[in-house]
Amino acid sequence: MPDTLAHPVRFGSNAGQPVTRRDGIAKVTGTATFTADNSPENLLHAVYVPATIARGRVTHLDVAAAEAHPGVTMVMTPGNRPALQGDPSAKPTMFSFRIEVLQDDSVRYAGQPIALVLGETLEAATEGARLLNPRYAAEPARTRIDDDEAAPVEPGGFGRPAGVEHGDVAAGHAAATKAIDVTYETSAQYHNAMETHAVVAQWEGDKLSLDVPSQALLMSCAGYAYFFGIPAENVTIRAPYLGGGFGSKAIPTGPQVLAILAAKETGRPVKLMLTRQQMFGPVGHRGATRQRLRLGIDDGAALTVIDHEGLAATSSFDDFVEPAANASQGLYAAGALRSAHRAVRLDVGTPGPMRAPGEASGSAALECAMDEMAEAAGIDPLEFRLRNYAETEPGTGKPYSSKALRECYMQGAERFGWSGRPLLPRQMKDENGLLTGWGMGTALFPCPMFAADARATLRSDGSALVETSAIDMGQGAWTALAQIAADSLGLPLDMVEFRAGHSSLPDGGVAGGSGHTATAGGALHAAGGDVIRQLGEIAAADPESPLHGAGNAAFSARDGRLYVDGDDSRSDSFADILARAGSAELVGNGSASRAPEDAEKFSMHSHGAVFAEVKVDPDLCQVRVTRMVGAFAAGRIINPKLAESQLLGGMIWGISFALHEEAKHDPRTGRIVNADFAGYHVPVNADVTGLEVLTVHEDDPYVNALGIKGVGEIGIVGSVGAIANAIWHATGHRIRRFPIRIEDLLTA
Amino acid sequence: MSLSIRLTINGAPRDIALEDARVTLLDLLRERLALPGTKKGCDRGQCGACTVIVNGKRVNSCLTLAATLDGAQVTTIEGLATGDRLHPVQEAFIEQDGFQCGYCTPGQIMSAVGLIAEGRAGDDPERIREGMSGNICRCAAYHGITLAVQEATRRMAEAEKGDAA
Ligand code: FES
Ligand code: FES
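Residues numbered from 1 in each chain as written. Chains lettered and ligands numbered in written order. Predicted model: local features only at pLDDT ≥ 70, side-chain atom pairs only at ≥ 80, totals over all residues. Heavy atoms only, no water.

Side note on the nonpolar core
Line of reasoning, step 1. Counting residues in hydrophobic clusters, the biggest one holds 234 residues, and the most contacted among them are Leu210(A), Ile723(A) and Phe93(B).
Line of reasoning, step 2. Discounting chain neighbours no more than four positions away, the residues touching Phe93(B) are Val28(A), Gly98(B), Phe99(B), Thr105(B), Gln108(B), Ile109(B), Ala112(B), Ile145(B), Ala148(B) and Val149(B). (Core = buried A, V, L, I, M, F, W, Y, C linked by side-chain atoms within 4.5 Å. Buried < 20%, exposed > 50% of the residue type's maximum accessible area, 1.4 Å probe, protein only. Contact = heavy atoms within 4.5 Å.)

Description of the domain arrangement of chain B
Residue and element names in this part refer to chain B.
Line of reasoning, step 1. Its domain assignment divides chain B into domain 1 (3–79) and domain 2 (88–164).
Line of reasoning, step 2. For domain 1 versus domain 2, the distance between C-alpha centres works out to 22 Å.
Line of reasoning, step 3. Residue-level contacts link 14 residues of domain 1 with 16 residues of domain 2.
Line of reasoning, step 4. Across the interface of domain 1 and domain 2, roughly 1,200 Å² is buried in total on both sides, 57% from carbon and sulfur atoms.
Line of reasoning, step 5. Counting across the interface, domain 1 meets domain 2 through one salt bridge.
Line of reasoning, step 6. Where domain 1 packs against domain 2, one counts seven residue pairs in polar contact (both at pLDDT 80 or more).
Line of reasoning, step 7. Residue contributions to the side of domain 1 that touches domain 2 peak at three residues, all from strand β3 (residues 51–54).
Line of reasoning, step 8. Taken together, the residues that form the side of domain 1 that touches domain 2 break down as five nonpolar, six polar and three charged. (Domains from an automatic or database assignment. Buried area = accessible area lost by both parts, 1.4 Å probe. Salt bridge = Lys/Arg side-chain N within 4 Å of Asp/Glu carboxyl O. Polar contact = N/O pair within 3.5 Å; in protein donor to acceptor, adjacent residues only side chain to side chain. Helix = DSSP H or I, 4+ residues; strand = E, 2+ residues; numbered from the N terminus. Nonpolar A, V, L, I, M, F, W, Y, C, P; charged D, E, K, R; others polar.)

What to know about the side chain of Asn704(A)
Line of reasoning, step 1. Within the secondary structure, Asn704(A) is located in the loop between β28 (691–695) and α15 (719–731).
Line of reasoning, step 2. With residues near it in sequence (within four places) discarded, Asn704(A) still touches Met449(A), Ala518(A) and Arg594(A).

A look at the domain arrangement of chain A
Residues and elements named next belong to chain A.
Line of reasoning, step 1. Per the domain assignment, the segments of chain A are domain 1 (24–31 + 451–593) and domain 2 (358–448 + 600–746).
Line of reasoning, step 2. Averaged C-alpha coordinates put domain 1 and domain 2 at centres separated by 38 Å.
Line of reasoning, step 3. Taken together, the 15 residues of domain 1 in the interface contact 16 residues of domain 2.
Line of reasoning, step 4. Buried area between domain 1 and domain 2, both sides added, is near 1,100 Å², and the carbon and sulfur share of it is 63%.
Line of reasoning, step 5. Counting across the domain 1 and domain 2 interface gives zero salt bridges.
Line of reasoning, step 6. Connecting domain 1 to domain 2 are three residue pairs in polar contact (both at pLDDT 80 or more).

Comments concerning the packing of aromatic side chains
Line of reasoning, step 1. Scanning the model with the defined rule gives 23 aromatic pairs over all chains in all.
Line of reasoning, step 2. Linked through ring pairs, Phe34(A), Tyr241(A), Trp478(A), Phe498(A) and Tyr103(B) together constitute an aromatic cluster.
Line of reasoning, step 3. Over the aromatic face of Phe317(A) sits the side chain of Arg108(A), whose NZ or CZ is 4.0 Å from the ring centroid.
Line of reasoning, step 4. Taking the ring centre of Tyr389(A) as reference, the NZ or CZ of Arg406(A) above it sits at 4.1 Å. (Phe/Tyr/Trp six-rings, centres within 6.5 Å; stacked < 30°, edge-to-face > 60°. Lys NZ or Arg CZ within 6 Å of the ring centre and 35° of its normal.)

Here's what the structure looks like:
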């Protein structure tokens, strides 16, 4: 790993500081405005009716009853739905899905919108929707992974992962002196951001103004514009705050398009907010998987093969196949590696990317399989992973742009106290007689970049305005991006006004793939650099400036002053430079994306190691996670406080995946029977104790100018396996289905 | 049919003509009184996002019909700070990073205010976690939430001692 930056970049004093959230006051006083908090004058409320069967046709809706209800102003059904300009089956932008917008009377999954009711009040619209009382011609629903024949995935971009094969897989199997062949299952999970999907839509002529939570503002503008046949510039989106996204709020969904259509039809603003139950259907989920892993080792416990086959559920009408098997690429130095994907089509809403798509499910299976292999080899799971540590990317031989995984293992193990772990299971009990177990998992996550633009404006008083349509869905963009911008301008943070969350700003790109800070931050960094460069030119040409004639000498910016590099006696303030030039302001532009040559040369990943302790009641088999330590190396950390929160959040999603989350279908109707927070369990505060995060610094000159890798998703990766492995260590039982339930342990 | 009720909301008396008996306190605040700080996360008492203080107790405003509240005192997130001075719980949430997206936060904070007033948890983290478990945070900011409630509890107890002395 290179220990010095090849292209040194200017880092000021703001990045790296645990600054508290700049939007903190707005969020604790209730003044942070989320989509559904907007109530323009003359507003109509929209409520849609979700299908209560999973496959078939709607044969009757009692439109008359709904229309007769006081306050109901419109009932939209497939029979009277105004035309859309765009095709609901087309996918107008990257990350798009086919949407359900009352195009016909067919039902393709439970929860699909089958009618929309508008009312003067929410109560009237809700009652009107209830009065529609649909009748159906139902067909048998396929909701279990065995309900359909598995088919190979035709690779082709988003949602259709290609398989990967490196080395001679057959030879790898043949060379193994010990081997395992295990199958793991993961359940369907629903994002369930606390803020449900919503929209407040207003038309003025052919201009559309939207409050809508979106993880990709400009891309969403293009998507909405497509459906309504207007130029993307005619769509304005305001999304200053998102109440969580987790991958489900990237692009337009059917219900949102319907509400916008209703606003167009009625000429009035329309608000739609999904109910919690409606979050289980048309807005994506993590598809269920079944994964077979065959691992082999030689006599020295070196992996000869990792052969990972994933079967994933997608919908009957669109493709998103969880790329779970690909999680086995890039991590362990196996002689041969194979990842393959197949899919089944079920009568469910189309799955989509959910926090660590592919990696979360794939790593859950892989890390458990690694534990089983270590057990078969009779060696400690950490030692087994170290023996198979990859110094270069397995299969491709590419160098890693940086990789401090060994340090993560060491520091995490040390902090956790891993060295005291007995090799065999069922050896530890606590003072209350609870079975105690320790497990671990490795975390790997790619660090993609998208493309983003930004603008920085230095004002005559020496303060600055920086702008990009970045998104804060909780990760802390309002704060971390402002820190980056301040450093790029050589200004203290409080001299920088940061604007984001609005589509009229320079394109901040996509808040996804854990790449937003790197991408939008990179653009801000470049915009600030552009201002400083111009400022230097002005000063150097100005006979009255102390910097006059500094010519080619580089300048550095600090605390609102420009200095000649290496000569602190020569400096000039931003405000003075601008004043003498008679400029009211100076504008710089920047953009960022990954340098293609670096992407070609290097394998770029964040890494981590997670260690977990569980306690299991020997009679009741209730499982509690009592301690977790996660050590992560993710390049440069801009704000340690916020990064820690994100990593902790990810680890708690790991607890959730391992022990809580599962959407259960009634096989007779195909409906999800636990579609609310009483039945669909996510961790609450009492489920979370003893979590700790360590970050290992990496200087990575190749990922991007700032050396940022991203921390939004990696916390969940590795955590699931660590918990399952700890349960084995406590009880001696391998439960190969997630979430791990009490009944699985009772009957094991 | 119109029903009229009188509520004191964040200290200010309000006479409210309710044209619809189905209106919950949550929807009354959000859709009719321009107080959208209180959030809707489930609308059925399962997440705590809508927590407000009614007559000194924390309640799920989504489960409370407005029409049943004639004469009640209601405090929402908008009424917690005194001018620019944040309530100690609000301050502690910022300092301890007790939120990420901030959507569950008004409910968490009102719930914490209620919990502290109940006096059953003190600064014991186990009890705080239990007492705050009616408030789901999907961002999972629980670590910071627990620290924030602990911190605020201590500060408020100290301030009270100071006042008494
Ligand atoms: S909105 Fe009231 S408890 Fe969830
Ligand atoms: S801060 Fe996002 S749900 Fe709690």
